[in-house]
Amino acid sequence: MGKVISFANFKGGVGKTSTTALVGYNLSKMGKKVLMIDFDAQANLTSLLLKTKSKDEDIVTIGTSLMSAITNNINLGEIVLNIEDNLDLIPNAVDFSMYPRFLEKEFDDENKRVSFFNSLIVDLKKEYDYIFIDVPPTLSLLNDTAFFSCDQIVVVLQTQERSLAGAEIFIKYLQDTLIDIFHSGVDILGILPVLSKKGAKVDLVVLEEAKKEFGENNVFNNTISIMERVKRMDMTGITDDKKDIHDKRVHSAFSNVAKELLDRLEME
Ligand SMILES: Nc1ncnc2c1ncn2[C@@H]1O[C@H](COP(=O)(O)OP(=O)(O)OP(=O)(O)O)[C@@H](O)[C@H]1O
Ligand SMILES: [Mg+2]
């Protein structure tokens, strides 16, 4: 059975989508079968991966959106798009903003709402080694349904500002709501720091505080730093030119995180 994982935080713009895409991409290069599910109506992951794919092909069209698949009872396996070898995507679109309303109309029972998405991906877990769900930055029914279906959550922590308190609130929310009330089996795999600049004092201070707060073992040893090349990929899609030092640097950082993710999963 594949593992379902989300890089999450309820703070916006901390690198959840880029990290999901680049960790997933690097796992697929290591020969793991990876599915990414875009769970955000903003569809940033969809846009990034379609750009990655369309370098090889001229036109990429999305047939059925996640929302219309859900409302029309279409098996999610049928809307999977192949991006690269070992790397697939369930794309999303703006109509996904209807999803919470759909859940509220469809189910009276809160437990049924929260566990609904899990029932849709049960079969997919048999086909992939890893399924990543890229969520929007909220504490909401929408995200609860994603987190409920996760085995593990990696908390993305930007170390350049006062994000520690936010991460604490997020973890407490997962514990108090998902685990205690809805009895989800989700676990927190660790905290992944995203540093503003290598060696910047504020990063180091926040990193130390995070280790004190969450325990040294719970903070990833491999961190991500802010790299212009990652930002450029919003426009170009994922680039991976073996002769380009910037691409090499990006993939070296994210493949190290991917390897640590595998190690941590193994230790679970
Ligand atoms: N390691 C990085 N280095 C440089 N830029 C980055 C890095 N990670 C993310 N970014 C950039 O920061 C912006 C926000 O990143 P991203 O969309 O991944 O964050 P997010 O947490 O998914 O945001 P949202 O909460 O809106 O979903 C994007 O323009 C992205 O390219
Ligand atoms: Mg995002």
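On a predicted model such as this, the values are computed, not experimentally measured, just so you know. (Residues numbered from 1 in each chain as written. Chains lettered and ligands numbered in written order. Predicted model: local features only at pLDDT ≥ 70, side-chain atom pairs only at ≥ 80, totals over all residues. Heavy atoms only, no water.)

S.K.: Quick question: what am I supposed to make of the pairing of strand β3 (residues 81-84) here?
M.R.: Of the strand pairs in this sheet, β3 and strand β4 (residues 87-90) are connected by 3 bridges, and their pairing is antiparallel. Considered in β4, the bridge of Asn82 is made with Asp88. As consecutive antiparallel partners, β3 and β4 are separated by 2 residues, and within that stretch Asn86 has a phi angle of approximately 70°, a positive value. (Pairing = 2+ DSSP bridges. Helix = DSSP H or I, 4+ residues; strand = E, 2+ residues; numbered from the N terminus.)

S.K.: How should helix α8 (residues 201-214) be read in this particular structure?
M.R.: Given 3.6 residues per turn, any residue in an α-helix points the same way as the ones three and four places further on. Taking 1.5 Å of rise per residue, 14 residues should cover 20 Å, and α8 covers 20 Å from first to last C-alpha, within 8% of that figure. Remark: Gly215 follows α8 within two positions and exhibits a positive phi of approximately 95°. (Expected span 1.5 Å × (residues − 1).)

S.K.: So what exactly am I meant to see when it comes to the site of ligand 1 here?
M.R.: Around ligand 1, the structure places 17 residues, and the nearest of them are Lys16, Thr17, Ser18, Met227 and Asp234. Within the contact set of ligand 1, an oxygen atom lies 2.7 Å away from a side-chain nitrogen or oxygen of Lys16. Contact between ligand 1 and Met227: a nitrogen atom at 2.8 Å from a main-chain N or O atom of the residue. Burial of ligand 1 by the protein chains amounts to 84% of its free accessible area of 630 Å². Looking at the shell around ligand 1, the elements that each hand over two or more residues are α1 (16-29), β8 (224-225) and α9 (228-236). A breakdown of the residues in the shell around ligand 1 according to their chemical character gives 6 nonpolar, 7 polar and 4 charged. (Near = heavy atom within 4 Å. Polar contact = N/O pair within 3.5 Å; in protein donor to acceptor, adjacent residues only side chain to side chain. Areas by Shrake-Rupley, 256 points an atom, 1.4 Å probe, with all protein chains shown as cover. Nonpolar A, V, L, I, M, F, W, Y, C, P; charged D, E, K, R; others polar.)

S.K.: What exactly am I supposed to notice about the sheet that holds β4 here?
M.R.: Neighbouring strands of a sheet are bound in pairs by backbone hydrogen bonds; such pairs are parallel or else antiparallel. Spatially, the 8 strands line up as an open sheet ordered β3-β4-β2-β5-β1-β6-β7-β8, and their pairing is mixed. The sheet is open, and its two borders are formed by β3 and β8, each paired with just one other strand.

S.K.: Where do I start with the pattern of salt bridges in this structure?
M.R.: Where side chains of opposite charge bring their charged atoms close, a pairing between them can arise. All chains considered together, the criterion is met by 8 salt bridges. The partner of Lys126 in a salt bridge is Asp123, and the shortest N-O contact between them spans 3.2 Å. Judged by relative accessible area, which is 57%, Lys126 ranks as exposed. Note that Arg229 is salt-bridged to Asp247, the shortest N-O span being 2.7 Å. You can see Arg229 sitting in helix α9 and its partner Asp247 sitting in helix α10 (residues 245-267), a full 18 residues away along the chain. Accessibility classification places Arg229 together with Asp247 in one group, the buried group. A single salt-bridge network, built from bridges that share partners, covers Arg229, Asp244 and Asp247. (Salt bridge = Lys/Arg side-chain N within 4 Å of Asp/Glu carboxyl O. Buried < 20%, exposed > 50% of the residue type's maximum accessible area, 1.4 Å probe, protein only.)

S.K.: How should I be thinking about the nonpolar core in this particular structure?
M.R.: A general trend in soluble globular proteins is that nonpolar side chains are found buried together. Counting residues in each nonpolar core, the largest one holds 50 residues, and the members touching the most others are Phe39 and Tyr99. Take this core: its biggest share by element is 7 residues, from helix α7 (residues 164-179). Excluding residues within four positions of it along the chain, Phe39 makes contact with Leu66, Asn92, Phe96, Tyr99, Phe117, Ile133, Asp134, Val135, Pro136, Leu142, Thr145 and Ala146. Grouped together as the second largest cluster of nonpolar side chains are 39 residues, Met36, Leu49, Leu192 and Val230 included. (Core = buried A, V, L, I, M, F, W, Y, C linked by side-chain atoms within 4.5 Å. Contact = heavy atoms within 4.5 Å.)

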